[in-house]
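Here is how the chains run, residue by residue.
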Amino acid sequence: MSTQIPHHTIALVGNPNSGKTTLFNALTHLRQKVGNYPGVTVEKKTGVLDLGESRTVEIIDLPGTYSLSVRSPDEQVARDVLFGKEAGTPVPDLVICVVDAGNLERNLYLVTQVQDLGLPMILVLNMMDEVKRQGKTIDVSKLSTHLGVPIVEAIANQNVGVEPIKALIISVVKSGYKRSWRMSPKMEELANEMARVLQKYEFMTPRAAFAEGVNLLSQSKVDPKRFKDQHTNAAVGLVLERVAALGVSARTAVIEARYEWIKFIIKETVIQQQKNGPDLTERLDRFLTHKIFGWVFFVGLMGLMFYAIFTLASIPMDLINNVFTILGDWVGRHLPDGDLRDLLVNGVIAGVGG
């Protein structure tokens, strides 16, 4: 009988279309449960990962999100789970961040936000075959050093990287994690001040308070409905006034700090190999995303779809209808009247044909 290790909750996070759910399926196989989070229609997927030697852990596949700055129900759920605010769901003991290795700049933004929480982390560079197709090479060892997290190269749809991830899980949970990216010293000071406010008035954990504090620095003013305690609103407002006194846009400062760090890392770790010329995808994109010809292609494609649906589709539809009509007539002629004939002719055959 399998048992769970002491730290047993793992959250899978990543941008939409990063291959996160494909990896979830590869890790859990058929040991999955699907439902909805309370109060919303956002799908909840949990599964069990077998680590061998009678050890299992629970994996939560969080909704795909580009950011922890909430703009949709999916992002709200992902944020609440990571911050420990989702009822009935424990704070993850480990986060596996799945990124599209071919789009590092966009994907690493979410990674920096997860870093703010200070949770143990494994970074999965998925779609490494796409990186090679693009003529790029990623220095994984150097990238791991810069980010301060272990990295696994993966091609989730081919089950490449699954075993190395399983081997890392226990050791990473035990080792902990320290945040690597930084803002300017003054902004770091204000982020810590904001975290102290949230710990004092909202009773948040230090790591959740810091992550929330950085997020609040990105706002020009505090929403009066954000916190029920007016002491919190007042204290947060005072910190934001100190940010404004610096003469910088806090929102711009935080976002730019993240991207500056990301661009530095990419410059240090991603090598663009010499290419003989644009590949097929790039050649197609020049036409399909052209400001004039792109619209021509879009309108033409929509027209083709309507023509196919309302004209071309009638050919196989009529053929299918005739086949099932003939079959129904034949069965009706060869069976006597009764419930069985009605079931087969009007139920099974007519239903499948429809």
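Model, not experiment: these values are computed from the prediction.

## Some details on the packing of aromatic side chains
Counted under the stated rule, the structure contains six aromatic pairs. Judged by centre distance (5.8 Å) and plane angle (25 degrees), the ring pair of W261 and F264 falls under stacked. In this pair, W261 and F264 are both assigned in helix α10 (residues 250-269), three residues apart and thus about one turn of the helix distant. Its relative accessible area of 18% is what places W261 among the buried residues. A relative accessible area of 35% means that F264 is categorised as partly exposed. Relative to F293, the ring of F287 lies with its centre 6.0 Å away and its plane at 20 degrees, an arrangement referred to as stacked. Residue F287 is classed as partly exposed on the basis of its relative accessible area of 41%. These aromatic residues form a ring-pair network of at least three members: F287, F293 and F297. Of note, R258 hangs over the ring of Y109, and the distance from its end group to the ring centre comes to 5.6 Å.

## Brief notes about unusual backbone geometry
Here the phi dihedral of N17 falls at roughly 65 degrees; this positive angle occurs in a residue that is not glycine. Assignment of secondary structure puts N17 in the loop between β1 (3-14) and α1 (20-28). With a relative accessible area of 69%, N17 lands in the exposed category. Its identity as a non-glycine residue notwithstanding, N159 has a phi of 65 degrees, on the positive side. Residue position: N159 is located in the loop between β8 (151-153) and α6 (162-175).

## Structural notes on the nonpolar core
Side chains of a nonpolar character, in soluble globular proteins, are inclined to be buried together. Formed by 65 residues in total, the largest nonpolar core has its most connected members in L82, L125 and L217. In contact with L82, not counting residues within four places along its chain, are A11, V13, L62, L68, V91, P92, V95, V114, L117 and L119. In terms of nonpolar packing, the next biggest core, distinct from the first, is built from 23 residues, I10, L27, V98 and I122 among them.

Calculation criteria
Residues numbered from 1 in each chain as written. Predicted model: local features only at pLDDT ≥ 70, side-chain atom pairs only at ≥ 80, totals over all residues. Heavy atoms only, no water. Phe/Tyr/Trp six-rings, centres within 6.5 Å; stacked < 30°, edge-to-face > 60°. Helix = DSSP H or I, 4+ residues; strand = E, 2+ residues; numbered from the N terminus. Buried < 20%, exposed > 50% of the residue type's maximum accessible area, 1.4 Å probe, protein only. Lys NZ or Arg CZ within 6 Å of the ring centre and 35° of its normal. Core = buried A, V, L, I, M, F, W, Y, C linked by side-chain atoms within 4.5 Å. Contact = heavy atoms within 4.5 Å.

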